[in-house]
Amino acid sequence: MTEAMIATILSGLVLGSLYAMMASGLSVVWTTLGVFNFAHGALMTLGAYVAWTISEYLGLGLAAGMVAGTLAAALAGIVIERLLVRPFYTNRNMLLITVMTTLAAMIIIEKGTQVIWGPRLKQLPRIADGELFIFGSAISVHEALIVLIAPVTLIALWAFTARTLTGRSLRAAGQNQTAAALIGIHVPHAYGLAYALSAGLAGFTGVLLGSIRFLTPTLGSEPLVKAMTVVILGGLGSLGATAGAAFVIGFLEAFLVLTVGLYWTPSLLFLTMIVVLIFRPNGLFGGRS
Amino acid sequence: MTIETELEQILDIRGVNKAFGGLQAVRDVSLTVQRGEIFGIAGPNGSGKSTLFNLITGIPYGPTSGEVHFLGNRIDRWPAHRIARAGLCRTFQKDAEFPELSARETVLISAVYCGVEQRQLRERSDKLLDDLKFAAERRDMKTSELSVYEKKQLMIASALISKPHVLMLDEPASGLTKPEIKALDELLLSINRTGVTILLIEHVLSLLLSLSQRLLVLNHGAIIAAGDPQDVVKQDVVIEAYLGGRSN
């Protein structure tokens with residue numbers, strides 16, 4: 001039982017780390033533009049496929065693949081913002097319209113990856129091989145590295161948004177578009193940067209995920225739903241709240257898989273989110289209502 | 001109606017109009033502002049004062065027709081951030097703040113696009129907040145937690161950090177107490193003495209008369225009087241616009 005609990009905790013840590021990275025990217029776009037990017041999961045998929053092409057197909061190694069996957073997703077994010085989001089900034093139904101346009105982007109990317117890379121399953125190599133044993137429970141070195149990479153990435157993201165002038169400008173544009181323009185901030189550029197940052201993070205996370213799961217055009221679909229759950233449960237607010245909610249969901253999922261099994265776990269996760277929102281409408285950690 | 005001057009023009013507005021559907025919010029307004037003056041704009045509620053400011057700064061819209069020239073450049077089709085970067089800054093009647101940023105952060109990011117060197121930023125923003133007598137112990141508080149007067153100070157600081165040529169203030173005295181209005185009066189004079197041209201919309205007439213070197217009155221979107229402030233407020237047309245008739 002102890003071994004099972006330790007394995008569950010380790011699994012929760014890995015899941016929480018991945019969810020935190022996925023959700024923080026989604027959160028950046030939400031807090032800056034006030035829209036949910038439904039293409040976020042597809043951008044993870046795109047990042048993973050591009051990384052596979054560079055790393056495996058061209059044989060240039062995982063590090064090069066990681067950089068290329070991240071940059072490709074960031075570029076795709078800029079294109080999505082420019083073509084599918086920016087034209088609707090001033091539309092009073094922007095939120096609803098961008099749900100549809102980003103869903104369209106998701107479908108286009110998913111179908112595009114199928115056309116370009118074909119239906120055969122692919123997988124990225126791991127950052128490092130081998131296993132670690134913690135109190136008798138095994139965790140792959142790759143997963144252990146994900147647990148280390150996630151907080152470093154989140155701290156870097158926090159430092160960028162909280163400590164640099166460009167990051168502060170992003171936050172300013174998100175909090176008051178008019179006042180931001182008044183002090184000379186080019187608001188559409190700020191929004192484009194937020195999208196690029198978020199999409200780059202999605203691509204990077206996709207590369208990490210692509211070493212654990214097989215690459216399919218829908219690789220990012222299920223993580224997207226989890227990331228949305230995390231962002232909503234965290235209170236649609238700060239990075240810290242998002243990260244906290246990611247680990248709550250990660251540990252809860254690992255615990256539910258252990259106790260009630262894989263079949264009912266997704267339903268129970270959603271049920272938990274709904275119950276929490278009934279009693280705490282602003283999510284677990286408050287934030288913007 | 002036009003108000004003109006032979007001195008150095010910094011802002012030149014030529015026949016601007018703004019219509020919202022069938023409503024003519026600003027009609028054929030022309031005026032020039034000379035460098036270094038404090039230019040007052042008055043008028044009853046809904047007379048088009050703030051709309052005129054919007055047309056000049058491009059926030060959130062430009063004029064339907066007419067031209068706005070600033071420092072010799074036609075700016076009425078420029079995006080708002082470009083106008084701000086050119087040195088035409090404004091504040092709003094209501095708080096235009098970044099609620100989750102601190103006062104210090106707000107001033108720092110306001111300096112980003114004005115060419116202040118990174119290493120001088122903090123020193124300069126602190127000095128500006130000192131000059132505006134903004135309490136040191138409240139500079140790291142979230143903007144949403146500040147008082148009305150502090151928010152006004154912050155709006156002015158955000159505009160001033162970029163060393164603007166023209167500062168446009170939309171009812172800066174609204175919501176302030178008498179001592180705060182007096183402090184604001186002194187503050188605006190001191191800013192003007194540094195060479196900053198000020199356009200001032202204000203309902204507090206004493207402040208407007210005390211500060212303005214020239215005054216323009218709008219009603220129903222059109223200029224009804226302009227000139228020396230003491231003369232303008234005595235004109236029948238102005239009294240009628242405010243009171244609906246001559247008072248005794």
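This part is about the overall build of chain A. A tally of helices and strands in chain A yields 11 helices and two strands. Secondary structure elements of chain A occur, N-terminal to C-terminal, as α-α-α-α-β-β-α-α-α-α-α-α-α. For chain A, whose C-alpha radius of gyration is 19 Å, the value lies close to the compact-globule estimate of 19 Å for 289 residues. Each principal axis of the C-alpha distribution contributes one length, and for chain A these read about 60 × 50 × 35 Å. Residues classed as buried in chain A amount to 55% of the 289 residues present. Accessible surface computed for chain A: about 12600 Å², of which carbon and sulfur atoms make up 71%. Charged side chains in chain A number 14 positive and 9 negative. The centres of these two groups are separated by 17 Å.

With that settled, the discussion passes to the overall build of chain B. Along the backbone of chain B there are nine helices and 11 strands. Over its C-alpha atoms chain B spans a radius of gyration of 18 Å, differing by no more than 12% from the 18 Å that the globule rule assigns to 248 residues. Along the first, second and third principal axes, the C-alpha set of chain B runs to 50 × 40 × 35 Å. The burial tally for chain B puts 56% of its 248 residues in the buried class. Of the contacts formed within chain B by residues at least 6 apart in sequence, a portion of 66% connects residues at least 24 apart. Charged side chains in chain B number 29 positive and 31 negative. The centres of these two groups are separated by 3 Å.

This part covers helix H6 (residues 178–193) of chain B. Residues and elements named next belong to chain B. Relative to the 22 Å expected for 16 residues at 1.5 Å per residue, H6 spans 23 Å between its end C-alpha atoms, a close match to the ideal helical length. Residues Ile181, Leu184, Asp185, Leu187, Leu188, Ile191 and Asn192 constitute the buried set of H6. Considering only its buried residues, H6 is in contact with strand E4 (38–42), helix H5 (148–160), strand E8 (166–170), strand E9 (197–201) and helix H7 (205–211).

Glancing now at the domain arrangement of chain B. Residue and element names in this part refer to chain B. Looking at the assigned domains, one finds that chain B contains domain 1 (2–87 + 166–243) and domain 2 (100–163). For domain 1 and domain 2, the distance between their C-alpha centres works out to 25 Å. Contact between domain 1 and domain 2 buries roughly 980 Å² in total, counting both sides, with carbon and sulfur atoms accounting for 76%. Area buried by domain 1 at its contact with domain 2 is led by Arg85, Leu167 and Leu187, which between them contribute 39% of it.

Accessible area lost upon the coming together of the parts is a frequently used measure of interface size. Facing 17 residues of chain A, the contacting portion of chain B comprises 22 residues. Both faces considered, chain A and chain B share a buried interface measuring about 1800 Å² in area, 68% of it formed by carbon and sulfur atoms. Seen at the junction of chain A and chain B, the total is two salt bridges. The partner of B:Glu105 in a salt bridge is A:Arg168, with the nearest N and O atoms 3.1 Å apart. Counting the contacts that link chain A with chain B gives four residue pairs in polar contact (both at pLDDT 80 or more).

Most peptide bonds are trans, and most residues other than glycine sit at a negative phi. Residue and element names in this part refer to chain B. Positive phi, normally seen in glycine, also occurs at Lys133, with a value near 55°. By secondary structure assignment, the location of Lys133 is in the loop between helix H4 (118–131) and H5. The phi dihedral of His220 is positive, around 50°, even though this residue is not glycine. Here His220 shows up in the loop between strand E10 (214–219) and strand E11 (222–227). On the basis of relative accessibility, which here comes to 60%, the residue His220 falls in the exposed class.

For the rest of this paragraph, the subject is the environment of A:Ala73. Residues and elements named next belong to chain A. Here Ala73 shows up in helix H3 (residues 62–85). We classify Ala73 as buried; its relative accessible area is 0%. In sequence terms Ala73 and Ala196 are 123 residues apart; their C-alpha atoms lie 7.8 Å from each other. Aside from chain neighbours lying at most four places away, what touches Ala73 is Leu43, Leu46, Ala199, Gly200 and Gly203.

Residues and elements named next belong to chain B. An order of E7-E8-E9-E4-E10-E11 is seen for the six strands of this open sheet, with the pairing classed as mixed. In the strand order of this sheet, the two ends are held by strand E7 (88–90) and E11, each with one partner. Strand-to-strand twist across the sheet, computed as the mean angle between neighbouring axes with direction ignored, equals 20°. Where E7 meets E8, three bridges bridge the pair, whose relative direction is parallel. Across the sheet, the residue bridging to Cys89 is Leu167, located in E8. Running at roughly 150° to E9, H6 makes contact with E4, E8 and E9 of the sheet.

The next subject is the pattern of salt bridges. Scanning all chains against the criterion turns up 21 salt bridges over all chains. Between A:Glu222 and A:Lys226 there is a salt bridge whose closest N-O contact spans 2.5 Å. Taken together, the residues A:Glu222 and A:Lys226, both in helix H9 (residues 221–234) and four residues apart, mark about one turn of the helix. For A:Glu222, a relative accessible area of 37% gives the class partly exposed. Salt bridges sharing partners connect three or more residues here, namely B:Asp12, B:Arg14, B:Glu67, B:Arg74, B:Asp76 and B:Arg77.

Parameters at a glance
- Residues numbered from 1 in each chain as written.
- Chains lettered and ligands numbered in written order.
- Predicted model: local features only at pLDDT ≥ 70, side-chain atom pairs only at ≥ 80, totals over all residues.
- Heavy atoms only, no water.
- Helix = DSSP H or I, 4+ residues; strand = E, 2+ residues; numbered from the N terminus.
- Rg over C-alpha atoms; globule rule 2.2 N^0.38 Å.
- Buried < 20%, exposed > 50% of the residue type's maximum accessible area, 1.4 Å probe, protein only.
- Areas by Shrake-Rupley, 256 points an atom, 1.4 Å probe, with all protein chains shown as cover.
- Lys, Arg positive; Asp, Glu negative; His and termini not counted.
- Charge placed at Lys NZ, Arg CZ, Asp CG, Glu CD.
- Contact = heavy atoms within 4.5 Å.
- Expected span 1.5 Å × (residues − 1).
- Domains from an automatic or database assignment.
- Buried area = accessible area lost by both parts, 1.4 Å probe.
- Salt bridge = Lys/Arg side-chain N within 4 Å of Asp/Glu carboxyl O.
- Polar contact = N/O pair within 3.5 Å; in protein donor to acceptor, adjacent residues only side chain to side chain.
- Pairing = 2+ DSSP bridges.
- Axes fitted to C-alpha atoms, helices over the stretch in contact; angles between N-to-C directions.

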